[in-house]
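# Survey of secondary and tertiary structure
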Amino acid sequence: MSHFVLPPAAPTVLDVAGGGLFPIRRVFCVGRNYAAHAREMGGNPDREPPFFFTKPADAISSAPTIPYPPATRDLHHEGELVVAIGAGGADIAQERALDHVFGYTVGVDLTRRDLQSALRKEGRPWDMAKGFDFAGPCGILRPAADIGHPSKGAITLSVNGVQKQAGDLADMVWSVPEIVAILSGLVALAPGDLIFTGTPEGVGPLARGDRVEVRAAGIGGHVFTLR
Ligand code: MN
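In short, a report on the structure. (Residues numbered from 1 in each chain as written. Predicted model: local features only at pLDDT ≥ 70, side-chain atom pairs only at ≥ 80, totals over all residues. Heavy atoms only, no water.)

A separate point is the overall build of the chain. Looking only at helices and strands, the chain has five helices and 18 strands in total. Its C-alpha radius of gyration of 17 Å places the chain within 12% of the 17 Å reference for a compact globule of 227 residues. By principal-axis analysis of the C-alpha atoms, the chain measures approximately 50 × 45 × 40 Å. Contacts in the chain between residues far apart in sequence, at least 24 positions, make up 75% of those at least 6 positions apart. (Helix = DSSP H or I, 4+ residues; strand = E, 2+ residues; numbered from the N terminus. Rg over C-alpha atoms; globule rule 2.2 N^0.38 Å. Contact = heavy atoms within 4.5 Å.)

Okay, structure coming up:
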């Protein structure tokens, strides 16, 4: 009988409202999914096909305090709706996509913008701009069985009580069912996968000591402080 030569890492988890832990498998993120943010990043605000990048599962954290990451002088906030996949599948039909969603939370796609700009310029992968330790603060997970599938309402992010980002879930270029359908044509989705669905306009820098709050209508909020 074979054995682990190292102790296997425990899964990263999110608390579920009402009890239980959601074990995180993979973390996918959609780029530029609100037209106004696509414009502020110098991109095309039209409905071009969504693109995806990833973060390591253990970049997700619900800790109230997280470290300011190394290797950046321009850490940016991107407040986002986060979808938690409960049932896997490949080539999921858009009409059935919501059946695969366990629930929702809000998160921040923390980005080392200076590194990302340099990597984009060189045509290199974004991983080190997006996939560092603690790069995905997330709140408590709300089961769709309790809250349904929010598709409209405010999504906001504030820093030290000052609102910096504001959008509406209805303004997503690609809806949650469309994202699940398209992503499942690229990879077979699995229970435990998370999808960050993109950020509205107003991204900007964070500093040590900042208190960040992200909220979405019908889902709730998450607050963390950078140390
Ligand atoms: Mn993002």
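We now examine the nonpolar core. Counting 40 residues, the largest nonpolar core has Leu81, Tyr104, Leu110, Val180 and Ile195 as its most contacted members. Counting only elements with at least two residues in this core, the list comes to β3 (27-31), β8 (79-85), β9 (101-108), β13 (154-159), α5 (176-183), β17 (211-216) and β18 (220-226). Once residues lying within four places of it in the same chain are set aside, the contact partners of Leu81 are Tyr104, Thr105, Ile155, Leu169, Met172, Val176, Ile195, Phe196, Thr197 and Ile219. (Core = buried A, V, L, I, M, F, W, Y, C linked by side-chain atoms within 4.5 Å. Buried < 20%, exposed > 50% of the residue type's maximum accessible area, 1.4 Å probe, protein only.)

Around the manganese ion, the protein contributes the donor atoms Glu78 (OE), Glu80 (OE) and Asp109 (OD), which lie 2.0 to 2.2 Å from the metal centre. All donor residues of the manganese ion come from one chain, and their arrangement in sequence is E-x1-E-x28-D. Comparing Glu78 with Glu80 shows no difference in burial state: the two are buried. (Donors = N, O, S within 2.8 Å, 3.2 Å for Na, K, Ca; no water.)

The next thing to look at is the pairing of strand β14 (residues 162-168). Taken together, the six bridges between β13 and β14 define a ladder with antiparallel strand orientation. By the bridge assignment for β14, Val159 is matched with Val162. If you look at the hairpin formed by β13 and β14, you'll find two residues sitting between the two strands, and Asn160 has a positive phi there, around 55°. (Pairing = 2+ DSSP bridges.)

Let us now look at the sheet that holds β17. The five strands are arranged β6-β18-β17-β13-β14 in an open sheet whose pairing can be described as mixed. The open sheet has two edge strands, β6 (65-66) and β14, and neither has a second partner. Two elements, β6 and β18, share two bridges in a ladder whose sense is parallel. Across the sheet, Thr65 pairs through a bridge with Thr225, a residue of β18.

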